[in-house]
Amino acid sequence: MTRAFHALLLALRDLPQPRVLKILAQSLALTLLLLVAAGIAIYVAAHWAFDHWQWLGTAERDMAGVLVILLIIAGSWLLFRAVAIVVVGLFADAIVADVEGRHYPAAAARAVDVGWGQNIRLALASLARLIGGNLLALPFYILLLVTGIGTPILALLVNALLLGRDLEAMVRARHPDRPRFDRPTRWSLGLLSAASFVVPVANLLAPIVSAAMAVHMLHLRSGDRNI
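All residue numbers refer to positions counted from 1 along the written sequence of the respective chain. For a predicted model such as this one, the threshold for reporting local features is a pLDDT of at least 70, and the threshold for listing and counting side-chain atom pairs is 80 or more; totals across whole chains, interfaces and linings nevertheless cover every residue. Calculation of side-chain values draws on the structure's entire complement of heavy atoms; hydrogens and water are dropped beforehand.

## With respect to the packing of helix 1 (residues 2–14) against helix 8 (residues 183–197)
Turning to step 1, where the next piece is worked out: Lines fitted to the C-alpha atoms define the axes, with helices restricted to the stretch that makes contact. Angles between their N-to-C directions range from 0 to 180 degrees. What counts as a helix is a DSSP run of H or I of at least four residues, what counts as a strand is a run of E of at least two, and both are numbered from the N terminus. As a packed pair, helix 1 and helix 8 sit with axes 9 Å apart at the nearest point and diverge in direction by 45°. The orientation of helix 1 with respect to helix 8, classified from their angle, is oblique. The interaxial crossing formed by helix 1 with helix 8 has right-handed handedness. Taken together, the residues of helix 8 that come into contact with helix 1 (itself represented by Arg3, Ala4, Phe5 and Leu8) are Thr185, Ser188 and Leu192. Note that the term roughly parallel is reserved for angles under 35 degrees, roughly antiparallel for angles over 145, roughly perpendicular for angles of 65 to 115, and oblique for everything else. Handedness of a crossing is defined here by the sense of rotation of the near helix relative to the far one, left-handed for an anticlockwise turn of less than a right angle and right-handed for a clockwise turn. Contacts are assigned to residue pairs with any non-hydrogen atoms lying within 4.5 Å of each other.

Printed below as a string of structure tokens:
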């Protein structure tokens, strides 16, 4: 965990870099655009269903419309991590290459170029793991609702495992010859990343910081020189 905190501090120091800020702005804009588009599509579909099947009266449809809007707002917060990770996956190679180029030039020179096609595959694989993992955990989330705190703790642990795997795959795509992270390394990386996604405001920076942190974890573990 000490190495993970060291990597986190290095990743936070990378944030003010112009290239990182540019990627952050692009990824946030695309993430918010996708969330807004999804929200509008869900609202329009729900409104059409209410009108088409005449399930509710006029006043009840208005109330149902308000409820749908509130659910969309709540769902957007829950879906932010999924959309953000997919979007950052599209920019993954640019993030990793930038951090490596500044801190680990020797390793960057040996890196394999990752094209858009592989970035998209990594992003879709991340999304599939996110959906599948949380669906498998859903019965336990429901059972733990009575505890008040059990559900968010379990969700944090589940998503820490998933994020650790996703971030490892993201950075190792450029260095397929490097050995996989050991379990404590992957766990500490995922836990810090998952925790940052639940902190308001910090969650906006979490995808980029997590990606940069994964780069540092890979190279600190391998003993590459940090300059």
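That shown, we press on.
## Focus: the side chain of Thr151
Turning to step 1, where the next piece is worked out: Relative to the assigned elements, Thr151 resides in helix 7 (residues 150–172).
Turning to step 2, where the next piece is worked out: Apart from the residues within four sequence positions on either side, Thr151 is in contact with Tyr141, Leu144 and Leu145.

## What to know about empty space enclosed by the protein
Turning to step 1, where the next piece is worked out: Here a cavity denotes a set of grid points, spaced 1 Å apart and computed over the protein atoms alone, in which a 1.4 Å probe fits but from which it cannot get out, and a pocket denotes an open set meeting protein on both sides within 12 Å along at least five of seven lines; residues with an atom within 4 Å of a point are reported as lining. Grid points are joined across faces, edges and corners, and a volume is the space filled by probe spheres set on the points. Scanning the entire structure with this criterion turns up two cavities of 30 Å³ or more.
Turning to step 2, where the next piece is worked out: Of the pockets and cavities examined, the largest cavity occupies roughly 90 Å³.
Turning to step 3, where the next piece is worked out: Along its surface, the largest cavity is lined by Ile85, Gly89, Ala92, Leu122, Ala123, Ser126, Arg129, Asp166, Ala169 and Met170.
Turning to step 4, where the next piece is worked out: Put simply, the parts of the chain that give the lining of the largest cavity at least two residues each are helix 3 (58–90), helix 6 (116–143) and helix 7.
Turning to step 5, where the next piece is worked out: The greatest single-element share of the lining of the largest cavity, amounting to four residues, is contributed by helix 6.
Turning to step 6, where the next piece is worked out: Considered class by class, the residues forming the lining of the largest cavity number six nonpolar, two polar and two charged.
Turning to step 7, where the next piece is worked out: Roughly 40 Å³ of internal volume is contained in the second largest cavity. Charged means Asp, Glu, Lys or Arg here, nonpolar means Ala, Val, Leu, Ile, Met, Phe, Trp, Tyr, Cys or Pro, and polar covers whatever is left, Gly included.

## A word on the packing of helix 6 against helix 7
Helix-helix packing: each pair is described by the crossing angle between the helix axes and the interaxial distance.
Turning to step 1, where the next piece is worked out: Running from N to C, helix 6 and helix 7 point in directions that differ by 160°, and their axes come no closer than 10 Å. In terms of axis orientation, helix 6 runs roughly antiparallel to helix 7. You can see that helix 6 and helix 7 cross each other, and the crossing is right-handed. Along the contact surface, helix 6 presents Leu122, Ser126, Arg129, Leu130, Gly133, Asn134, Ala137, Phe140 and Tyr141, while helix 7 presents Thr151, Leu154, Ala155, Val158, Asn159, Leu162, Arg165, Asp166, Ala169 and Met170.
Turning to step 2, where the next piece is worked out: Partitioning the contact of helix 6 with helix 7 into residue classes produces 11 nonpolar, five polar and three charged.

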